[in-house]
Amino acid sequence: MHEWALAESVVKTLKNRKKTVFEAEVIFGTLQDIDEEIFTFALKEILNQEDFKVKIKITKEDAVFECLSCGKIFDLKEGTKDEIEKENIHFLPEMAKVFLKCPSCKAKDFEIKKGRGLSLKLKEK
Amino acid sequence: MNIIDPRPSVISQRFSQVKNIIAVTGFKGGVGKSGVSCALALALTEKGFKTGLFDLDFSGASDHLILGSGKVFPREEKGLLPPYVHGIKFMTASYFSSDKAIALRGSSVSSAIKELFTVTIWGELDYLIFDMPPGVGDAAFEVMNLIPSAIILPVQTPCSLSAKVMERSLEIYKEGKFKVLKTVQNMAVSKEKGFYHQIFYDKKWPKAAGKADKLIKTSFYADTFGLAGKLVKESSL
(Lines give C-alpha, C1' and ligand atoms only; values in the text may rest on other atoms or scores of the structure.)
Protein backbone atom coordinates (compact mmCIF):
# COMPACT_ATOMS: atom_id res chain seq x y z
CA MET A 1 0.00 0.00 0.00
CA HIS A 2 2.94 2.37 -0.38
CA GLU A 3 1.15 3.33 -3.63
CA TRP A 4 -0.90 5.61 -1.35
CA ALA A 5 2.17 7.73 -0.58
CA LEU A 6 2.96 8.00 -4.29
CA ALA A 7 -0.65 8.95 -5.09
CA GLU A 8 -0.41 11.70 -2.45
CA SER A 9 2.59 13.14 -4.28
CA VAL A 10 0.58 13.27 -7.52
CA VAL A 11 -2.36 15.02 -5.85
CA LYS A 12 -0.09 17.50 -4.03
CA THR A 13 1.65 18.37 -7.32
CA LEU A 14 -1.71 18.91 -9.03
CA LYS A 15 -2.94 20.97 -6.09
CA ASN A 16 0.11 23.20 -6.29
CA ARG A 17 -0.77 23.89 -9.95
CA LYS A 18 -4.54 23.74 -9.74
CA LYS A 19 -5.01 27.16 -11.32
CA THR A 20 -3.26 26.16 -14.53
CA VAL A 21 -3.42 22.39 -14.94
CA PHE A 22 -6.45 20.90 -16.69
CA GLU A 23 -5.22 17.47 -17.74
CA ALA A 24 -2.68 15.07 -16.26
CA GLU A 25 -1.15 11.86 -17.48
CA VAL A 26 0.22 9.65 -14.70
CA ILE A 27 2.96 7.45 -16.11
CA PHE A 28 3.92 4.19 -14.42
CA GLY A 29 7.37 2.92 -15.28
CA THR A 30 7.18 -0.85 -15.50
CA LEU A 31 10.35 -1.23 -13.43
CA GLN A 32 8.56 -0.14 -10.24
CA ASP A 33 5.51 -2.28 -11.06
CA ILE A 34 3.05 0.00 -9.24
CA ASP A 35 -0.28 -1.72 -8.51
CA GLU A 36 -2.66 0.27 -10.71
CA GLU A 37 -5.78 -0.79 -8.81
CA ILE A 38 -4.43 0.30 -5.42
CA PHE A 39 -2.95 3.49 -6.84
CA THR A 40 -6.21 4.46 -8.60
CA PHE A 41 -8.22 3.78 -5.44
CA ALA A 42 -5.83 5.95 -3.39
CA LEU A 43 -5.85 8.70 -6.03
CA LYS A 44 -9.67 8.86 -6.04
CA GLU A 45 -9.88 8.84 -2.23
CA ILE A 46 -7.35 11.65 -1.86
CA LEU A 47 -8.79 13.71 -4.72
CA ASN A 48 -12.27 13.46 -3.14
CA GLN A 49 -10.94 15.55 -0.23
CA GLU A 50 -9.79 18.30 -2.58
CA ASP A 51 -11.69 21.17 -4.14
CA PHE A 52 -10.38 20.91 -7.68
CA LYS A 53 -11.00 18.65 -10.64
CA VAL A 54 -8.45 17.46 -13.18
CA LYS A 55 -8.86 14.96 -15.99
CA ILE A 56 -6.38 12.14 -15.26
CA LYS A 57 -5.32 9.22 -17.39
CA ILE A 58 -2.84 6.48 -16.49
CA THR A 59 -0.36 5.06 -18.96
CA LYS A 60 2.60 2.69 -18.71
CA GLU A 61 6.13 3.11 -19.96
CA ASP A 62 8.33 0.08 -20.52
CA ALA A 63 11.62 0.06 -18.64
CA VAL A 64 14.69 0.42 -20.86
CA PHE A 65 18.27 0.19 -19.67
CA GLU A 66 21.58 1.12 -21.25
CA CYS A 67 24.74 -0.63 -20.13
CA LEU A 68 27.39 1.95 -19.29
CA SER A 69 30.11 -0.63 -19.82
CA CYS A 70 29.35 -2.07 -23.29
CA GLY A 71 26.47 0.14 -24.52
CA LYS A 72 23.90 -2.66 -24.85
CA ILE A 73 20.27 -1.51 -24.67
CA PHE A 74 18.11 -4.03 -22.82
CA ASP A 75 14.73 -4.37 -21.15
CA LEU A 76 13.02 -6.12 -18.24
CA LYS A 77 12.47 -9.35 -20.19
CA GLU A 78 16.10 -10.04 -19.48
CA GLY A 79 15.69 -9.09 -15.82
CA THR A 80 15.03 -10.94 -12.60
CA LYS A 81 12.34 -13.59 -12.12
CA ASP A 82 12.91 -13.79 -8.36
CA GLU A 83 9.82 -12.57 -6.47
CA ILE A 84 11.78 -11.12 -3.52
CA GLU A 85 14.03 -9.20 -5.88
CA LYS A 86 10.98 -7.91 -7.80
CA GLU A 87 9.40 -6.81 -4.51
CA ASN A 88 12.58 -4.98 -3.49
CA ILE A 89 12.71 -3.19 -6.84
CA HIS A 90 9.01 -2.33 -6.42
CA PHE A 91 9.82 -0.51 -3.18
CA LEU A 92 13.04 1.08 -4.42
CA PRO A 93 13.54 0.90 -8.21
CA GLU A 94 17.25 1.77 -7.93
CA MET A 95 17.69 -1.72 -6.45
CA ALA A 96 17.52 -2.88 -10.06
CA LYS A 97 21.23 -2.10 -10.04
CA VAL A 98 21.71 -4.63 -7.28
CA PHE A 99 19.76 -7.45 -8.89
CA LEU A 100 19.97 -6.94 -12.67
CA LYS A 101 22.95 -7.28 -14.98
CA CYS A 102 23.66 -6.33 -18.56
CA PRO A 103 22.71 -9.45 -20.56
CA SER A 104 25.70 -8.93 -22.82
CA CYS A 105 28.70 -8.12 -20.60
CA LYS A 106 27.13 -8.91 -17.16
CA ALA A 107 28.03 -5.45 -15.79
CA LYS A 108 25.80 -3.91 -13.11
CA ASP A 109 26.70 -0.41 -14.20
CA PHE A 110 23.73 0.56 -16.33
CA GLU A 111 21.43 3.52 -16.68
CA ILE A 112 17.66 3.40 -16.39
CA LYS A 113 16.83 5.26 -19.59
CA LYS A 114 13.03 5.01 -19.32
CA GLY A 115 10.27 3.45 -17.27
CA ARG A 116 11.76 3.77 -13.78
CA GLY A 117 8.74 4.70 -11.71
CA LEU A 118 6.16 7.39 -11.30
CA SER A 119 6.13 10.53 -13.43
CA LEU A 120 3.57 13.06 -14.45
CA LYS A 121 2.81 14.84 -17.72
CA LEU A 122 0.70 17.94 -17.35
CA LYS A 123 -1.34 20.00 -19.79
CA GLU A 124 -1.51 23.53 -18.47
CA LYS A 125 -3.20 26.77 -19.54
CA MET B 1 3.51 19.05 -21.94
CA ASN B 2 5.79 19.25 -18.92
CA ILE B 3 7.12 16.01 -17.45
CA ILE B 4 7.30 16.32 -13.69
CA ASP B 5 8.64 14.22 -10.84
CA PRO B 6 5.80 14.50 -8.30
CA ARG B 7 7.72 13.03 -5.35
CA PRO B 8 9.35 16.18 -3.92
CA SER B 9 5.92 17.79 -3.43
CA VAL B 10 5.18 15.68 -0.32
CA ILE B 11 8.63 15.44 1.22
CA SER B 12 8.32 18.39 3.61
CA GLN B 13 4.98 16.93 4.75
CA ARG B 14 6.69 13.62 5.57
CA PHE B 15 8.99 15.38 8.05
CA SER B 16 6.39 17.81 9.39
CA GLN B 17 6.03 15.99 12.73
CA VAL B 18 9.79 15.63 13.26
CA LYS B 19 11.00 18.25 15.73
CA ASN B 20 14.75 17.98 15.08
CA ILE B 21 16.71 16.48 12.21
CA ILE B 22 20.42 15.98 12.85
CA ALA B 23 22.63 15.05 9.90
CA VAL B 24 25.75 13.30 11.21
CA THR B 25 28.36 14.19 8.65
CA GLY B 26 32.01 13.42 8.17
CA PHE B 27 34.11 14.27 5.23
CA LYS B 28 36.45 11.30 5.19
CA GLY B 29 35.46 7.64 5.34
CA GLY B 30 36.18 5.78 8.55
CA VAL B 31 35.73 8.64 11.02
CA GLY B 32 32.91 6.79 12.76
CA LYS B 33 29.78 8.54 11.51
CA SER B 34 27.74 5.37 11.60
CA GLY B 35 28.90 4.41 15.08
CA VAL B 36 28.14 7.91 16.37
CA SER B 37 24.75 7.96 14.59
CA CYS B 38 23.67 4.61 16.04
CA ALA B 39 24.92 5.36 19.55
CA LEU B 40 23.30 8.79 19.43
CA ALA B 41 19.96 7.28 18.40
CA LEU B 42 20.21 4.69 21.20
CA ALA B 43 21.11 7.40 23.73
CA LEU B 44 18.25 9.71 22.74
CA THR B 45 15.88 6.75 22.95
CA GLU B 46 17.22 5.88 26.39
CA LYS B 47 16.60 9.48 27.44
CA GLY B 48 12.95 8.97 26.56
CA PHE B 49 12.81 10.79 23.23
CA LYS B 50 10.97 9.47 20.19
CA THR B 51 13.88 8.86 17.87
CA GLY B 52 14.40 7.79 14.26
CA LEU B 53 17.53 6.80 12.38
CA PHE B 54 17.90 6.91 8.60
CA ASP B 55 21.02 5.36 7.06
CA LEU B 56 21.64 7.50 3.98
CA ASP B 57 25.01 5.95 3.26
CA PHE B 58 23.56 3.53 0.72
CA SER B 59 26.80 2.10 -0.61
CA GLY B 60 28.34 1.76 2.85
CA ALA B 61 25.17 0.96 4.79
CA SER B 62 26.22 -0.42 8.16
CA ASP B 63 23.75 0.86 10.78
CA HIS B 64 21.74 -2.37 10.52
CA LEU B 65 24.90 -4.31 11.33
CA ILE B 66 25.90 -2.05 14.23
CA LEU B 67 22.41 -2.25 15.74
CA GLY B 68 21.98 -5.93 14.93
CA SER B 69 18.57 -5.18 13.46
CA GLY B 70 17.98 -8.76 12.24
CA LYS B 71 15.27 -9.53 9.71
CA VAL B 72 12.95 -6.60 10.27
CA PHE B 73 11.20 -4.93 7.33
CA PRO B 74 9.04 -1.80 6.94
CA ARG B 75 5.29 -2.26 7.18
CA GLU B 76 3.09 -0.91 4.39
CA GLU B 77 0.33 1.45 5.47
CA LYS B 78 -0.25 4.41 3.19
CA GLY B 79 3.54 4.41 2.80
CA LEU B 80 6.36 2.54 4.51
CA LEU B 81 6.44 2.54 8.30
CA PRO B 82 10.00 2.04 9.55
CA PRO B 83 10.28 -0.88 11.98
CA TYR B 84 11.38 -0.30 15.55
CA VAL B 85 14.91 -1.52 16.35
CA HIS B 86 15.77 -1.20 20.06
CA GLY B 87 13.06 1.47 20.31
CA ILE B 88 14.39 3.45 17.31
CA LYS B 89 12.35 3.91 14.12
CA PHE B 90 14.95 2.69 11.68
CA MET B 91 15.08 3.07 7.89
CA THR B 92 17.83 1.80 5.58
CA ALA B 93 18.14 0.87 1.92
CA SER B 94 19.61 -2.44 3.08
CA TYR B 95 16.03 -3.69 3.68
CA PHE B 96 15.68 -3.80 -0.08
CA SER B 97 19.06 -5.14 -1.15
CA SER B 98 18.89 -8.69 0.25
CA ASP B 99 22.20 -7.80 1.93
CA LYS B 100 23.96 -7.45 -1.43
CA ALA B 101 26.30 -4.56 -2.23
CA ILE B 102 24.55 -1.37 -3.35
CA ALA B 103 26.65 0.38 -5.99
CA LEU B 104 24.86 3.43 -7.35
CA ARG B 105 25.92 6.33 -9.52
CA GLY B 106 25.11 9.83 -8.28
CA SER B 107 21.82 10.29 -10.14
CA SER B 108 20.56 6.97 -8.77
CA VAL B 109 21.54 7.95 -5.23
CA SER B 110 19.51 11.16 -5.60
CA SER B 111 16.50 9.33 -6.96
CA ALA B 112 16.65 6.61 -4.27
CA ILE B 113 16.81 9.25 -1.52
CA LYS B 114 13.82 11.07 -3.01
CA GLU B 115 11.90 7.79 -3.19
CA LEU B 116 12.53 6.89 0.45
CA PHE B 117 11.86 10.46 1.60
CA THR B 118 8.53 10.27 -0.30
CA VAL B 119 7.25 6.93 0.93
CA THR B 120 8.63 6.71 4.49
CA ILE B 121 6.07 7.72 7.09
CA TRP B 122 7.99 8.83 10.19
CA GLY B 123 5.09 10.22 12.17
CA GLU B 124 5.91 12.07 15.39
CA LEU B 125 9.56 12.16 16.35
CA ASP B 126 11.61 14.31 18.71
CA TYR B 127 14.83 13.49 16.87
CA LEU B 128 15.63 11.99 13.50
CA ILE B 129 19.28 11.17 12.89
CA PHE B 130 20.56 11.05 9.32
CA ASP B 131 23.70 8.95 8.96
CA MET B 132 25.23 10.69 5.94
CA PRO B 133 27.72 9.20 3.48
CA PRO B 134 31.25 10.65 3.51
CA GLY B 135 31.89 13.93 1.75
CA VAL B 136 29.57 16.45 0.14
CA GLY B 137 28.05 14.48 -2.71
CA ASP B 138 24.63 13.67 -4.08
CA ALA B 139 23.12 12.59 -0.76
CA ALA B 140 24.28 15.79 0.89
CA PHE B 141 22.85 17.93 -1.90
CA GLU B 142 19.51 16.12 -1.74
CA VAL B 143 19.35 16.73 2.01
CA MET B 144 20.31 20.40 1.53
CA ASN B 145 17.63 20.86 -1.12
CA LEU B 146 14.85 18.88 0.48
CA ILE B 147 15.42 19.21 4.24
CA PRO B 148 16.65 22.75 4.88
CA SER B 149 15.90 22.44 8.60
CA ALA B 150 18.54 19.74 9.12
CA ILE B 151 21.23 20.56 11.68
CA ILE B 152 24.70 19.50 10.59
CA LEU B 153 26.75 17.61 13.18
CA PRO B 154 30.27 17.06 11.81
CA VAL B 155 32.44 14.19 13.02
CA GLN B 156 36.21 13.97 12.66
CA THR B 157 39.06 12.00 14.16
CA PRO B 158 42.29 13.41 15.64
CA CYS B 159 43.89 12.86 12.21
CA SER B 160 44.84 16.29 10.83
CA LEU B 161 43.86 15.24 7.30
CA SER B 162 40.28 14.55 8.36
CA ALA B 163 40.16 17.98 10.05
CA LYS B 164 41.46 19.84 6.98
CA VAL B 165 39.12 18.10 4.56
CA MET B 166 36.23 18.87 6.88
CA GLU B 167 37.00 22.58 7.23
CA ARG B 168 36.72 22.97 3.45
CA SER B 169 33.56 20.90 3.17
CA LEU B 170 31.74 22.64 6.01
CA GLU B 171 31.90 25.89 4.05
CA ILE B 172 29.45 24.38 1.57
CA TYR B 173 26.88 23.76 4.30
CA LYS B 174 27.48 27.18 5.83
CA GLU B 175 26.95 28.85 2.45
CA GLY B 176 23.65 26.95 2.27
CA LYS B 177 22.59 28.70 5.52
CA PHE B 178 22.46 25.45 7.48
CA LYS B 179 22.97 25.39 11.18
CA VAL B 180 26.37 23.75 11.52
CA LEU B 181 27.41 22.66 15.01
CA LYS B 182 30.99 22.56 16.19
CA THR B 183 32.78 19.33 15.47
CA VAL B 184 32.57 16.08 17.41
CA GLN B 185 36.00 14.55 17.77
CA ASN B 186 35.68 10.78 17.60
CA MET B 187 38.40 8.31 18.61
CA ALA B 188 39.93 11.04 20.77
CA VAL B 189 43.08 10.10 22.65
CA SER B 190 43.53 13.18 24.84
CA LYS B 191 41.39 16.02 26.13
CA GLU B 192 41.37 18.95 23.72
CA LYS B 193 39.44 22.21 23.66
CA GLY B 194 37.49 23.60 20.75
CA PHE B 195 35.22 20.64 20.01
CA TYR B 196 31.49 20.34 20.50
CA HIS B 197 32.18 17.05 22.20
CA GLN B 198 34.87 14.39 22.40
CA ILE B 199 34.24 10.67 22.15
CA PHE B 200 37.29 8.76 23.31
CA TYR B 201 38.76 5.76 21.54
CA ASP B 202 37.27 2.57 22.91
CA LYS B 203 38.66 -0.74 21.71
CA LYS B 204 35.55 -2.55 23.01
CA TRP B 205 33.21 -0.66 20.69
CA PRO B 206 33.90 -2.52 17.39
CA LYS B 207 33.65 -5.86 19.16
CA ALA B 208 30.22 -4.95 20.53
CA ALA B 209 28.82 -4.15 17.06
CA GLY B 210 25.61 -6.04 16.37
CA LYS B 211 24.79 -6.49 20.06
CA ALA B 212 22.94 -3.48 21.45
CA ASP B 213 23.08 -4.83 25.02
CA LYS B 214 26.89 -4.78 24.82
CA LEU B 215 27.09 -1.49 22.90
CA ILE B 216 25.39 0.41 25.70
CA LYS B 217 27.97 -0.81 28.19
CA THR B 218 30.95 0.67 26.33
CA SER B 219 32.71 3.93 27.17
CA PHE B 220 32.03 4.98 23.55
CA TYR B 221 28.32 4.84 24.32
CA ALA B 222 28.79 6.69 27.61
CA ASP B 223 30.62 9.48 25.78
CA THR B 224 27.91 9.59 23.09
CA PHE B 225 25.27 9.73 25.82
CA GLY B 226 26.95 12.97 26.92
CA LEU B 227 26.77 14.23 23.35
CA ALA B 228 23.04 13.42 23.29
CA GLY B 229 22.60 15.52 26.44
CA LYS B 230 24.27 18.52 24.81
CA LEU B 231 22.11 18.17 21.69
CA VAL B 232 18.97 18.04 23.79
CA LYS B 233 19.98 21.29 25.53
CA GLU B 234 20.83 22.81 22.14
CA SER B 235 17.39 22.01 20.76
CA SER B 236 15.60 23.01 24.00
CA LEU B 237 13.64 19.78 24.21
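## Some details on the nonpolar core
(1) Moving on: In this structure, Phe39 of chain A together with Phe15, Phe117, Phe130, Ile147 and Leu153 of chain B are the most contacted members of the largest nonpolar core, which totals 116 residues.
(2) Moving on: If one sorts the elements of this core by residue count, helix H2 (residues 33–46) of chain B sits on top with eight residues.
(3) Moving on: Not counting chain neighbours up to four residues away, the residues in contact with Phe117 of chain B comprise Ile11, Arg14, Phe15, Phe54, Leu56, Phe130, Val143, Leu146 and Ile147 of chain B.

## Examining the interface of chain A and chain B
(1) Moving on: On the side of chain B, 33 residues touch chain A, which itself brings 36 residues to the contact.
(2) Moving on: Buried surface at the junction of chain A and chain B, summed over both partners, amounts to about 3100 Å²; 61% is from carbon and sulfur atoms.
(3) Moving on: Put simply, Glu115 of chain B and Arg116 of chain A hold a salt bridge, and the shortest N to O gap is 2.9 Å.
(4) Moving on: Seen at the junction of chain A and chain B, the total is 16 residue pairs in polar contact (both at pLDDT 80 or more).
(5) Moving on: The greatest single-element share of the side of chain A that touches chain B, amounting to ten residues, is contributed by helix H1 (residues 3–16) of chain A.
(6) Moving on: Split by residue class, the side of chain A that touches chain B holds 16 nonpolar, seven polar and 13 charged.
(7) Moving on: Where strand S6 (residues 118–124) of chain A lies against strand S1 (residues 2–4) of chain B, three bridges are found, and the strand directions are antiparallel. Each residue of the ladder has a partner; that of Lys121 of chain A, found in S1 of chain B, is Ile3 of chain B.

## Observations regarding the packing of aromatic side chains
(1) Moving on: For the structure shown, the criterion picks out 22 aromatic pairs over all chains.
(2) Moving on: Centroid distance Phe91 of chain A to Phe96 of chain B: 5.7 Å. Interplanar angle 40°. Geometry classified as tilted. Residue Phe91 of chain A is located in helix H3 (residues 83–91), and its partner Phe96 of chain B is located in the loop between strand S7 (88–92) and helix H4 (106–119); the two belong to separate chains.
(3) Moving on: The buried category is assigned to Phe96 of chain B, whose relative accessible area is 0%.
(4) Moving on: Between Lys97 of chain A and the ring centre of Phe110 of chain A, over which it is positioned, the NZ or CZ distance is 5.8 Å.

Reading guide: rules and limits
- Residues numbered from 1 in each chain as written.
- Chains lettered and ligands numbered in written order.
- Predicted model: local features only at pLDDT ≥ 70, side-chain atom pairs only at ≥ 80, totals over all residues.
- Heavy atoms only, no water.
- Core = buried A, V, L, I, M, F, W, Y, C linked by side-chain atoms within 4.5 Å.
- Buried < 20%, exposed > 50% of the residue type's maximum accessible area, 1.4 Å probe, protein only.
- Helix = DSSP H or I, 4+ residues; strand = E, 2+ residues; numbered from the N terminus.
- Contact = heavy atoms within 4.5 Å.
- Buried area = accessible area lost by both parts, 1.4 Å probe.
- Salt bridge = Lys/Arg side-chain N within 4 Å of Asp/Glu carboxyl O.
- Polar contact = N/O pair within 3.5 Å; in protein donor to acceptor, adjacent residues only side chain to side chain.
- Nonpolar A, V, L, I, M, F, W, Y, C, P; charged D, E, K, R; others polar.
- Pairing = 2+ DSSP bridges.
- Phe/Tyr/Trp six-rings, centres within 6.5 Å; stacked < 30°, edge-to-face > 60°.
- Lys NZ or Arg CZ within 6 Å of the ring centre and 35° of its normal.

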